[in-house]
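# Topology and contacts: notes
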Number of protein chains: 2
Amino acid sequence: MVAASSDFLPHPLDPLSKEEIQSVIGIVKKAHGELLFNVISLHEPRKAELTKWLENPSTPRPTRIADVVVIAPGGKVYDGLVDIALGSITKWELLDGLQPIITMEELMAVEHVCRKDPKVIEQCEFSGIPKENMDKVYCDPWTIGYDERHGNKVRLQQALMYYRPNVDDCQYQYPLDFCPIYDAERNEIIAIDIPKVRRPLSKMQAINYHPAGVEKAGGYRNNLKPINITQPEGVSFKMTGREIEWQNWKFHIGFNYREGIILNNITFNDKGNVRPIFYRLSLAEMVVPYGNPEHPHQRKHAFDLGEYGAGYMANSLTLGCDCKGSIHYLDADFPTRAGGIRTIKNAICIHEEDDGILFKHSDFRDDSVIVTRARKLIIQQIFTAANYEYAIQQDGTIQPEIKLTGILNTYAMDPNEDTHGWGTQVYPGVNAHNHQHLFCLRIDANVDGPNNTVFMADAVASEAPVGSPENYYGNAFSVKRTKFSTVGQSATDYDGTTSRTWDICNTNKLHPYSGKPASYKLVSREVPRLLPKEGSLVWKRAGFARHAVHVTRYQDDQLWPAGRHVPQTSGEPSLGLPEWMGDGSESIDNTDVVLWHTFGVTHIPAPEDFPIMPVEPITLLLRPRNFFSNNPVMDVPPSFCSTPSQVAANGVGVTNATDKISKLAFTNGSGDCCTNGTNGLS
Amino acid sequence: MVAASSDFLPHPLDPLSKEEIQSVIGIVKKAHGELLFNVISLHEPRKAELTKWLENPSTPRPTRIADVVVIAPGGKVYDGLVDIALGSITKWELLDGLQPIITMEELMAVEHVCRKDPKVIEQCEFSGIPKENMDKVYCDPWTIGYDERHGNKVRLQQALMYYRPNVDDCQYQYPLDFCPIYDAERNEIIAIDIPKVRRPLSKMQAINYHPAGVEKAGGYRNNLKPINITQPEGVSFKMTGREIEWQNWKFHIGFNYREGIILNNITFNDKGNVRPIFYRLSLAEMVVPYGNPEHPHQRKHAFDLGEYGAGYMANSLTLGCDCKGSIHYLDADFPTRAGGIRTIKNAICIHEEDDGILFKHSDFRDDSVIVTRARKLIIQQIFTAANYEYAIQQDGTIQPEIKLTGILNTYAMDPNEDTHGWGTQVYPGVNAHNHQHLFCLRIDANVDGPNNTVFMADAVASEAPVGSPENYYGNAFSVKRTKFSTVGQSATDYDGTTSRTWDICNTNKLHPYSGKPASYKLVSREVPRLLPKEGSLVWKRAGFARHAVHVTRYQDDQLWPAGRHVPQTSGEPSLGLPEWMGDGSESIDNTDVVLWHTFGVTHIPAPEDFPIMPVEPITLLLRPRNFFSNNPVMDVPPSFCSTPSQVAANGVGVTNATDKISKLAFTNGSGDCCTNGTNGLS
C-alpha cells in the first residue's frame, strides 16, 4: 500500500522506510567510518509540532529524524540523531556505562562461540557430553540482566546451556547446569558460572512435539473437521498508507524495534464529530523475573522489550496459519549490524473477526427480539523472546490482549533433588522455575483533548450501618472516586474486592445526562504484585512494576519506563519511570498525562506446559464511560429484529438479515428462522 | 437425536421427556385433582446409585423420578416425588411459608392486572397518564424479594412500572415512580408503594434501537462486509442421545428449569485411560443486588435462577443469528401451569469455534517453527431475566463464560434530582441504579475419583530479606498452599495481589514428575465482594455470596445454594449453603466435595449502556495442573511445522496444512506461505 516512489511523502509517524534507513547508514558511515548499527528508527516528532500539523496539514510538516544507536570499535556506544532531508547529524553523544538493546545478530553469535570455547567444552565433558558432540550443544543467549561482578562497561550476555542429541529434539529437555558469560566486543567467553552441586546430563528419553515425535507417541488425532472463515466481499476497513479507518475509528499504525506495534492518534467519529481518545498506545516494556534465588538465576529477569525488542523479535506471519480470513499485512524494515537492510515480511497482521453477540434483548411478554452481532478488528504481532511468543491484539473497542505460548525456560535437576518450591519438575531432569510476566502498557491519553485527569474508582458499601435511616436494609453502595492530583498519589495497586478501575477523565467535558466527565475506564484484572521484594535487584531495575498504575505528566521522549538503554543497568539509580516521577509533587490535574499500567501473570509451571505450552491469554479493556451520549453501536445492522407491533402483525416488516450460511450439524436443512421468536408460551 | 419411540431408554440424567412430564401430570391430577403445576423436573438419581450404574451398566438402571412442585387452591404449595414407571407418588408434602419459583405464566399475568386496577390507574393519572392510555402502561413483573410487611404466606410479585407511548418504543425510558404489589393467588394488586417525593412522567423524546428509531437518528452503517463461517465436512463432535464426545472429552448435557445447562459426568480420555474430572458442573444460583437504599428499592435483588429459573427463561435460539457455523440444538420441555407442555425449541446450542493459536514456537537460530490452531466447543444458552440476557458458554477446556447484555433496570428521576451516587442518569429522566451480578458456579468435583481436597494457592515472596543468604538478590518467590481441612476454613475471598487460585486436588494421585497432586485449578479474576453489608437483607438471603469460595461435603439434593424455594425467603435463617455448612467443623479432607464459587461484576451504569447494553463478558477457567503427564494437545495436527533438519534440507518434509481459504485483504493472491519461515536474517 505504501508507494515506493521517491515523491511519496510518508506520514510523520510512519516507520523509517528502507530508503530512509539506507540514507541514514550512508550519512553515519561517511561521518564516522565503519561501526556496528544497533538502532536506526524514527525519532518521533515532538507532540506540540505534530499536533499542530495534524490539526492543520498546511502548517510545516514535521521533518524526518532518525534515532541512531551505534557501537564503534572498542565497544564505544553512541546515541545520535540524523536529519534525513538535510543529510546531517544533529546529535552524536558518547555514552558511558550504558549498553543498548541486544540485536538478533548479537544473540546468534553466542552459540557458535560457546561450542568452540575450551572451558565450555571442558564443562560439557564434565556433564557427560563427549567433545566430538559439541555440535549438539545449544545455548539460549540471554541478557545478563545485571551482574555486579561484571558491571556495565563491557557488553555481555549469559548463555543458558542445553544438550540436544538429535537436531530436531525440543531443546529444553536436557539443560546443562553451568552458565558461560559472553563478551560481545571480544566475541569470547570471559567466565563460566558453575554451581557447587553438579547435575549430570539427564538420561531421560526425549519427548517431542514434532510430527515424528507425535507419531512415536501414537500419532495425530484425525477427528477435527475444518472450520473455514471467508469474507467474500472483502474487508470492512480501509488503509491509507498506515492509517486505518474502520467502524468510526481512525488511527495510524506505527511500528518500531522496541515496542513493536504503536497505535497513534486514535480518534472516533461520533456522528460527524471526530473525537480524540488516545494520542499513542503501546506496550512499552515488560520484565520476566524468575523466582529461584540460587545464584546465578537471579540474573534471569529479562526485559523483553528493552533488552531484545518486540520489533526486532517479531515473527513473519502467514495466511491461514497465524490468522484466518482476509488479512492485510505490514512489513517491518530494520538495519543490520553491518549496515544492510533486514525486512520482516508480514510483521503486523490486520484482520476482522466475528465476535459473537454485540447486544440482544427479547421481551417474553410480546415476543419482540433484537440480536446484533459484534465484529472486532485485530492488529496483531507475534514476537519471540527466546522461548515465548506473544500474540498482541488491540481491537477497535481497545482491548489489548496477550497470549503466552512457546517453551518454558528450564534448568537441570537431579533425580530426587528438592526444588524448594522455586520451580517444578515438569519432566524428569527438567526444572522449570517460577516466574512472572509483567507488561507495561503506556497510555498517552487524549480523551476529548489533551487535558485529562485520572481517578481511581472503587465500588464500596455505604458507611451507614444496617438499620440506620440512610441504609436501613444495608444494600447501599456506590463508587468512591479518588482523584490523582499529583504524580505521587497515582502510584497505586489493584484491589479486586472493590473491582478497582482507573478512569482517564476529561473533567472539562461533563456528560449532558450523567453529569460525569467523559472518560475511558481501564478495566484490568490480571494484576499480580511484583514478587521480587522491595530493594531487590528486579525492584530496582523495573521501577514501573512496583505498582499497577503510575501517572506522569507528558514529556517528549519519555517512552520506555525502564529507561532508554536497559541491558546491564544496575537499578542504582532506577532509570525511566522512577526518574520521571521525581519527588512525586508534580501536578497531574487537568493536564496532558500518560498512564503506565503494569499487568501480567505469575506462572508456576506444571507438566502440562511441557514440552510446549498451550496458550495462556491475558486481556484488559479500555472502555468508554460517560463519553458517548448513549450506546454508540445501535446503528450496527441487526441480524434479526422484530418489534412488538411487527410480531402482532404476524411478522410483517421484521428485519431478517440472518446468516444463510450456517447449517444444522446433523441435517442438511438450514433450521428454523427467527421469524417465530416464541418461547413456546401460548 | 433422541428417539421418540416408547422402547427408548433415556439416560438416567436426561431431562424428563414430554411423555414423562405428561405421565406425571396425569398421575398427580388423578391423585389430587386440579392444581397449578409449578415444576415437573428430573429428580436426579442418587450419586451412589448412579455411579454404580455408570461404572457397570449391567447393575440396575436408576429409576426415573420426577420432582414435582404444585400450587393447590388456597395457595397451598406441595413438594412431591413421582415414580414414573410405577405411576406412584412417593412423597407429597405441604410446605409452610415457602414460595416456589415464579413461572413465566405467573410473571405475564401481572401487567394485565395492573392495567385494570383502579388504584394503579389513579397513580398513573397522578403521573400524568390519562386513564384511556392504560394500554400504554407496562410493568416488569419482579420477585418481591422479601418485604417484612407482607411476609411469605401470600405469593407476591412487585410490578416495576413504565409508560410506553408507542408500542415499539424501548420500554425503559419512561419509568413510573410507584410500585404495585401483586398477589398471585387472588390475582390482584394488594398494595402500592408510593414515594414521598413524586416524579412526574418524563417528557423527553424517545430513543430507540429498532430500525425506525435508527433510521430517524441517521440510519444504519453500511460498511460491514460479511464474515462467513462454514464447516464443509461437518462437525467434529458426536452425539449419542445427550452424551457428547469431542476431542477426548465425553460428558452428558442435562438441562433443568432452574440451572439451565448442566454438564454431567465429565471425563477425559487420556491416551486410553478414561479419567473422571467433574461429576456435575452448573451455574447454580445468582443474585443481582441493587445499591439504592431508598425504599422500596432494597427489594430489587432478584435471584434469577432461584426465583425465575435459567431454564424457564431460556431463549429459543436461531441459526446464524445467535451462533454461526454448524450447530446442533437441543430443545427443552416444561409443564405449563394448567398441565400442558411448553417446548422451548433450540434451548441449547452446541457448536465448535476456531480459537486462534493453540501453541506456537519458532526458533530464530534455525528458522524451525510450529503453529497449531485451537478449537473450542461451545455449549450455550441464553436466558432472559426480565431485562438481561446471559449467553452462557462452557467450552471443552472448561471455561464458563457469561455475557451480560439486554436493558438496564431503570427508575424515574426528576430533572436536577440528586442521585446521591446510588445510580446514574443515563438519559434525561432515567436513573439506572448501581447493581452487582453475582453468580454461583457449583463444581461437583471428581478429579481422578471422588475423593478430592481443595487448597488455596497464593504466589508469595520469600520471607527471607534482601541480602540474606537465602534470598540475596531478593527475587525468591513460590506458592503458598493452604489446605482446607474443614468446611469453615474454606470460606475464602479473592486476593488479586497474590494471583489467588483454588486447586481441586486428588492427593491420592501424585504426578510422577512434579510430585504434586493431580488437580484442576480455578482461575477466576472477576470476583467482587458482596457490597450489601454483613447483616443486610441480601447478605442474609444470599449466603453463598458472602465469600468467593465455599467447600462442602457432597450430599444428594444440596444443589441450590440459596435454598430450594427462594422467593420471599427472609434470610432468617439463611437457607441453602449456610445451613449445609453448619458449624463449619465437618472435614472436607480427601472426600467427595463440592466447591461453590461466587463471581461476577459490579455494574455502575453509564449512558453507553442505554437504551440497550453492549455485551460485557465475564469468564473464568478450570485448568488441569499436574493432571496430565505433559501437554495433552501435542497430537492436534499443526497448521505448519518445520524442524531444524527440514529447514536445513530446504523444506523437504515440512508439514504444511495451512488453510488455503484465507486471502490477502487487498489482492486476490493467497499470500506467501510459511515454507520460508525466515525472519530476514542471513
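Residues numbered from 1 in each chain as written. Chains lettered and ligands numbered in written order. Predicted model: local features only at pLDDT ≥ 70, side-chain atom pairs only at ≥ 80, totals over all residues. Heavy atoms only, no water.

We count it as follows: UniProt positions are given in the numbering used here, feature names are shortened, and annotations may be inferred rather than shown by experiment.
In the nomenclature of an unreviewed UniProt entry, chain A corresponds to Amine oxidase from the organism Xylaria flabelliformis. Listed in UniProt under the heading Subunit (unreviewed entry), the comment for chain A reads: "Homodimer." Under the UniProt heading Catalytic activity (unreviewed entry), the entry covering chain A gives this text: "a primary methyl amine + O2 + H2O = an aldehyde + H2O2 + NH4(+)".

## Some points on the sheet that holds strand β1 (residues 36-42) of chain A
All names here are of chain A. For the record, the criterion: A strand pair is defined by DSSP finding two or more bridges across the two strands. The helix and strand labels rest on DSSP assignments: H or I over at least four residues marks a helix, E over at least two residues marks a strand, and numbering proceeds from the N terminus. Under this scheme, a helix contributes an axis fitted over its contacting stretch, all axes are lines through C-alpha atoms, and angles between N-to-C directions fall in the 0 to 180 degree range.
Strand order in the open sheet made by the four strands is β1-β2-β3-β4, with antiparallel pairing throughout. Edge strands, defined here as strands with exactly one partner in the open sheet, are β1 and β4 (88-94). Across the sheet, the mean angle from the axis of one strand to that of its neighbour is 20°, orientation sign disregarded. Where β1 meets strand β2 (residues 65-72), six bridges bridge the pair, whose relative direction is antiparallel. Looking at β2, one finds that I40 is bridged to V68.

## A word on the interface of chain A and chain B
It is common to give the size of an interface as the accessible area that goes away when the parts come together. What counts is decided by this rule: Contacts between residues were defined by any pair of non-hydrogen atoms, one from each residue, lying within 4.5 Å. Values labelled buried area give the accessible surface lost by two parts on being combined, using a 1.4 Å probe and summing over both. Take a side-chain nitrogen of Lys or Arg and a carboxyl oxygen of Asp or Glu: if they are within 4 Å of each other, that pair is a salt bridge.
Taken residue by residue, the interface counts 198 residues in chain A and 198 residues in chain B. Between chain A and chain B, roughly 16,900 Å² of surface is buried when both sides are summed, and carbon and sulfur atoms account for 59% of that area. When the area that chain A buries against chain B is broken down by residue, the three leading residues are R221, Y473 and F477 of chain A, summing to 6%. The tally of links from chain A across to chain B stands at 18 salt bridges. The residue R221 of chain A makes a salt bridge to D635 of chain B at a minimum N-O spacing of 2.7 Å.

## A closer look at helix α1 (residues 18-32) of chain A
All names here are of chain A. Note the threshold: Multiplying 1.5 Å by the helix residue count minus one yields the expected span of that helix. Categorising residues by exposure relies on relative accessible area from a 1.4 Å probe, with only protein chains included: less than 20% of the type maximum marks a residue as buried, more than 50% marks it as exposed, and the intermediate range marks it as partly exposed. Note that the arc is computed from the directions linking the helix axis to the C-beta atoms.
For α1, which comprises 15 residues, the first-to-last C-alpha distance of 21 Å matches the rise-based estimate of 21 Å (1.5 Å per residue) to within 8%. Among all positions of α1, only E20, I21, V24, I25, I27 and V28 are buried. Along the long axis of α1, the arc covered by the buried residues comes to 165°, so they all point the same way. In this fold, the buried residues of α1 make contact with β1, β2, β3 (76-83), β4, β16 (326-335) and β17 (341-362).

## What to know about the relation of the copies chain A and chain B
What counts, and what does not: In superposing the copies, a least-squares fit is computed on C-alpha atoms, taking residues whose pLDDT is at least 70 in both.
The transform that puts chain A on chain B rotates by 180° and translates by 0.0 Å along the axis, for an RMSD of 0.0 Å. The relationship between the two copies is best expressed as a two-fold rotation axis. Measuring from the rotation axis to each C-alpha of chain A, the shortest distance belongs to I229 of chain A, at 2.3 Å. A shared interface surface links the copies, since 100% of the contact residues of chain A are contact residues in chain B too.

## Topic: the side chain of R299 of chain A
Note the following rule: Two N or O atoms form a polar contact when they lie within 3.5 Å of each other; inside protein one atom must be a possible hydrogen donor and the other a possible acceptor, and for residues adjacent in sequence the pair counts only when both atoms belong to side chains.
In this structure, R299 of chain A sits in the loop between β14 (273-289) and β15 (301-302). Only 3.1 Å separates the side chain of R299 of chain A from the side chain of Q158 of chain A, close enough to count as a polar contact.

## Focus on the UniProt feature "domain: Copper amine oxidase N2-terminal" (unreviewed entry) in chain A
As annotated by UniProt and renumbered to match this structure, "domain: Copper amine oxidase N2-terminal" (unreviewed entry) occupies residues 11-93 of chain A. Taken end to end, residues 11-93 of chain A comprises 29% helix and 35% strand; its first and last C-alpha atoms sit 28 Å apart.

## A few points about the domain arrangement of chain A
The criterion, for reference: Residue ranges labeled as domains rest on an automatic or database domain assignment.
Domain assignment breaks chain A into domain 1 (18-94), domain 2 (104-216), domain 3 (243-284 + 394-406 + 434-466 + 475-605 + 617-625) and domain 4 (326-384 + 639-682). Summarising the inter-unit geometry, the C-alpha centres of domain 2 of chain A and domain 4 of chain A are found 48 Å apart.

## Description of the pairing of strand β27 (residues 501-510) of chain A
Residue and element names in this part refer to chain A. Bridge count for strand β25 (residues 451-461) against β27 is five bridges, and the pairing is antiparallel. From the neighbouring strand, T453 faces β27, where its bridge partner is C505. Where β27 and strand β28 (residues 517-524) come together, six bridges link them in antiparallel fashion. By the bridge assignment, N506 is partnered in β28 with A518.

## Remarks on helix α1 (residues 18-32) of chain B
Buried residues belonging to α1 of chain B abut β1 (36-42), β2 (65-72), β3 (76-83), β4 (88-94), β16 (326-335) and β17 (341-362) of chain B. Immediately beyond the C-terminal end of α1 of chain B, within one or two residues, lies G33 of chain B, with a positive phi of roughly 75°.

## A closer look at the pattern of salt bridges
Think of it this way: side chains of opposite charge can pair up when their charged atoms draw near. In the structure shown here, the tally under the stated rule is 85 salt bridges over all chains. Note that R164 of chain A is salt-bridged to D363 of chain B, the shortest N-O span being 4.0 Å. Remark: D363 of chain B occurs in the loop between β17 and β18 (369-384) and R164 of chain A occurs in the loop between β6 (156-163) and β7 (179-183); the pair is interchain, linking two chains. D363 of chain B shares its class with R164 of chain A; the two are buried. One salt-bridge network, held together by shared partners, links E111, R115, D140 and R164 of chain A together with D363, R365 and D366 of chain B.

## Considering the pairing of β6 of chain A
Across a regular strand the side chains alternate sides, sitting on one face of the sheet and then on the other. Residues and elements named next belong to chain A. Counting buried positions over the eight residues of β6 gives eight, a clear majority of the element. Judged by which residues are buried, β6 turns out to be covered on both faces: L156, Q158, L160 and Y162 on one side and Q157, A159, M161 and Y163 on the other are all buried. For strand β5 (residues 137-143) and β6, the ladder comprises seven bridges, and the chain directions are antiparallel. The partner of V137 across the bridge, within β6, is Y163. Here β6 runs beside β7; their pairing, made up of three bridges, is antiparallel. In the strand pairing of β7, Q158 is matched with I181.

## Let's talk about the packing of aromatic side chains
Put simply, the rule is: Note on aromatic pairs: the rings of Phe, Tyr and Trp (six-membered ring only in Trp) are paired at centre separations within 6.5 Å, and the planes decide the class, stacked below 30 degrees, edge-to-face beyond 60, tilted for the rest. Two conditions define a charge sitting above a ring: the NZ of Lys or the CZ of Arg must be within 6 Å of the ring centre, and it must be within 35 degrees of the ring normal.
By the definition in use, this model includes 38 aromatic pairs over all chains. When the centroid spacing of 5.3 Å and the interplanar angle of 45° are considered together, the rings of Y257 of chain B and Y312 of chain B count as tilted. Highlighted residues: Y257 of chain B in the loop between β12 (249-256) and β13 (260-270) and Y312 of chain B in the loop between α6 (304-308) and β16, separated in sequence by 55 residues. For Y257 of chain B, a relative accessible area of 4% corresponds to the buried category. By relative accessible area, Y312 of chain B is classed as buried at 3%. Taken together, the aromatic side chains of W249, F268, F278, Y520, F627 and F628 of chain A make up a single cluster linked through ring pairs. One residue, R164 of chain A, lies across the ring of Y138 of chain A, its end atom 3.6 Å from the ring centre. When the ring centre of Y279 of chain B is taken as origin, the NZ or CZ atom of K47 of chain B, which lies over that ring, is 4.4 Å away.

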